[in-house]
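# Notes for the structure review
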Amino acid sequence: MRNKGTNNINEKIFITTAIDYANDIIHVGHAYEKILADVIARYQRALRGEENVLFLTGTDEHGTTNYQAATKKGVSVEEYTSKISKADQEQLDILNISYDRFIRTTDKDHEEIAAEFFAKALKTGDVYKGTYEGCYCEGCEAYKTLSELTEDGKCPNHPTREIQQIKEENYFFKWSKYTNQLKKLIQDKEDFILPKAKRNEMLSFLEQGLEDIPVSRPKHKVPWGISVPEDDNQVIYVWYDALVNYYTFGTQKGFWEEQTKIVHFVGKDILRFHALLWPAMLMSLDLPLPDTIYTHGFINLEGQKISKSVGNVIRPDELVNKYGEDAVRYYLLKHGPITEDVDISLNHLEEIYNADLANGLGNTVARIAKLAENSKLEFEPPKPAEFKHIWEEEWAKPLTKYRADKALQNIWNEISTLEKHINENAPWAEKDTKRLEEILNFEVNAIRRISKLIEPFIPLSSRKIQEQFFKKNIKATKPLFPRV
Ligand code: MSP
């Protein structure tokens, strides 16, 4: 068997994001994860070829949270989740997220595959019938042990919700059976949970021992879900349904197999489901496991959790309409939460916009274009092969560990070096035509190279610079990033 999880560029790669609950339209926090995964998908396509990369995102539409949101609005849950799902997809399109499929857990193919998945586990005996008595947090859509609750019996992630005390008949998954296999997986595979700091958290959770968990809910309590095969009184528990979305699309496209590298991008609040429950579900059916669960922290807005009750929800389109998609992408990528939570603010966004985009990149592009136009020289356009190997260079190495922030820093260092080159060589004052040609050729080619490097991060600006510079006669145009 091959060593799964290497960075061998001849292999295929499957990249996924968490699928967002359809109880409300996504905000900038949710969008960060999609932007980060999009950068990796675009970089991997450049590195391995389009046909070797598959990128999936979508919406998680069953379960109580979505059902209650629809009921509150007085519309049918089908209508409500369709509306939110469509709005989410529009938000991702505005941000130029290059997904291959936007999956909905209400899609017919997914419902069938999730039901089959359940049926197979039932057949192996890993899913069995029992009774659950304990706590449930509807915000997390998760069963809770007392030790996971705060002193006053609340869920730390959803302190405004009441914890449910439930006693019900369910189907259970033999999670406990996989404790040792999971431990070994996490210990043996360095890159299984990234960043590394999160591995210990999962290992210490395993140390406490896993208990079997319910993977269905009674239909009279949760009417909105996929029916359990051959038991119409039960629906499949929302996580046992949602996690299978990756397999639904992966297997259809031939990307759920040992030869494919599988990477899930998720927030820290749902790491446990991805690092411990999902692999156990796969082990129970003897299916290939993911290679990496990349975990990010949370984005807070001016010191506060983004939430409707705080009244500080910002949707991606509000920012894009004001600053442009690339500014939003750049800002979140540069300052996004790598492990721990980070604070963003509009003032900070504007500061970074002016410093790095209007000044740094935008101004350098404008200066070189103007100098090139004034010189009346012609610049031989680059051949596509010239950039073939840039993705394997040192600057891009952080991307193999999903560190878009560090890769961006490397590119912006190149921009600073180029700015210095312009200032030191003062082409505007150069009288010697040969020397001027030499200086400008260097600078034009440097900006052409930079336009390629930024392609995965800020694709629209990359295209604009290429339209302006990948020709013989270069002309000045309007600013890429007008000052705000
Ligand atoms: N539906 C589940 C995921 C199922 S995946 C099989 C879910 N949905 S969610 O809408 O609550 O969250 C979706 C993703 O957005 C998660 O990865 C979550 O961590 C992330 N984020 C939600 N709020 C966020 C911030 N404020 N900042 C960064 N990421 C955030 O969980």
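All of the points below concern the structure found in this document.

### Observations concerning the site of the ligand
The environment of the ligand is made up of 23 residues, and the closest members are Ile19, Glu33, Asp60, Asp269 and Ile299. For the ligand, a nitrogen atom lies 2.8 Å from a polar atom in the backbone of Ile19. One of the side-chain N or O atoms of Asp269 is found 2.6 Å from an oxygen atom in the ligand. For the ligand, the protein covers 94% of the area, taking 670 Å² as the surface of the free molecule. Secondary-structure elements contributing two or more residues to the shell around the ligand are β2 (20-21), α1 (28-48), α7 (238-242), α8 (244-252) and β13 (260-267). Tallying contributions element by element places α1 first for the shell around the ligand, with 3 residues.

### Some remarks on the sheet that holds strand β17 (residues 342-344)
Read from one edge of the open sheet, 3 strands run β16-β15-β17, paired in mixed fashion. The open sheet terminates on both sides in strands that have one partner only, identified here as β16 (304-305) and β17. Judged from the 2 bridges that link them, strand β15 (residues 299-301) and β16 form a sheet pairing that is antiparallel. Along β16, the bridge assignment pairs Leu301 with Gln304.

### Focus on the environment of Leu271
With respect to the helices, strands and loops of the structure, Leu271 is situated in helix α9 (residues 271-284). Judged by relative accessible area, which is 0%, Leu271 ranks as buried. Remark: the alpha-carbon pair of Leu271 and Asn441, spanning 170 residues in sequence, is separated by 49 Å.

### Considerations on the sheet that holds strand β12 (residues 231-236)
The strand order across the open sheet built from 3 strands is β10-β12-β11, with neighbouring strands paired in antiparallel fashion. Lying at the two open borders of the sheet, with one neighbouring strand each, are β10 (216-218) and β11 (227-228). The pairing of β10 with β12 spans 3 bridges and is classified as antiparallel. The residue of β12 that forms the bridge with Arg217 is Val235.

### Considering helix α10 (residues 316-323)
What sets the pattern is the α-helix's 3.6 residues per turn: residues three or four places apart point alike. Residues of α10 that are buried: Pro316, Leu319, Val320 and Tyr323. When α10 is viewed along its axis, its buried side chains cluster within an angular range of 100 degrees and face the same direction. The exposed residues of α10 that point more than 90 degrees off its buried face are Asn321 and Lys322. Looking at the packing, one finds that the buried side of α10 touches α1, α3 (77-94), α11 (325-335) and α12 (346-375).

### Here's the deal with helix α6 (residues 197-207)
Taken as a whole, α6 has its buried residues at Lys198, Arg199, Met202, Leu203, Phe205 and Leu206. Across the axial projection of α6, the buried residues extend over an arc of 155 degrees, all falling on one side. Residues of α6 that are exposed and point more than 90 degrees away from the buried face comprise Ala197, Asn200 and Glu207. Contact partners of the buried residues in α6: α5 (179-188), β8 (193-194), α9 and β14 (292-296). Gly209 sits one or two residues past α6 and shows a positive phi near 90 degrees.

Calculation rules
- Along each chain, the written sequence defines residue order, and numbers are assigned to residues from 1.
- Residues qualify for local features only when their pLDDT is at least 70, as the model is predicted, and side-chain atom pairs are given and counted only at 80 or more; totals for whole chains, interfaces and linings, by contrast, use all residues.
- Hydrogens and water are ignored here; the side-chain numbers use all heavy atoms of the structure.
- Any residue with a non-hydrogen atom lying within 4 Å of a molecule or strand is treated as near it.
- Any pair of nitrogen or oxygen atoms within 3.5 Å is treated as a polar contact; in protein, a donor-acceptor pairing is required on top of that, and neighbouring residues in sequence qualify only through side-chain atoms on both sides.
- All accessible-area figures derive from a Shrake-Rupley calculation using a 1.4 Å probe, and residue coverage is judged against the displayed protein chains alone.
- Numbering of helices and strands starts at the N terminus; helices are DSSP runs of H or I of at least 4 residues and strands are runs of E of at least 2.
- When DSSP finds two or more bridges between two strands, those strands count as paired.
- Think of it in three bands: residues with accessible area under 20% of the maximum for their type are buried, residues over 50% are exposed, and the middle band is partly exposed, with areas taken using a 1.4 Å probe on protein chains only.
- Note that the arc is defined by the directions from the helix axis to the C-beta atoms.
- By definition, residues are in contact when any of their heavy atoms lie within 4.5 Å.

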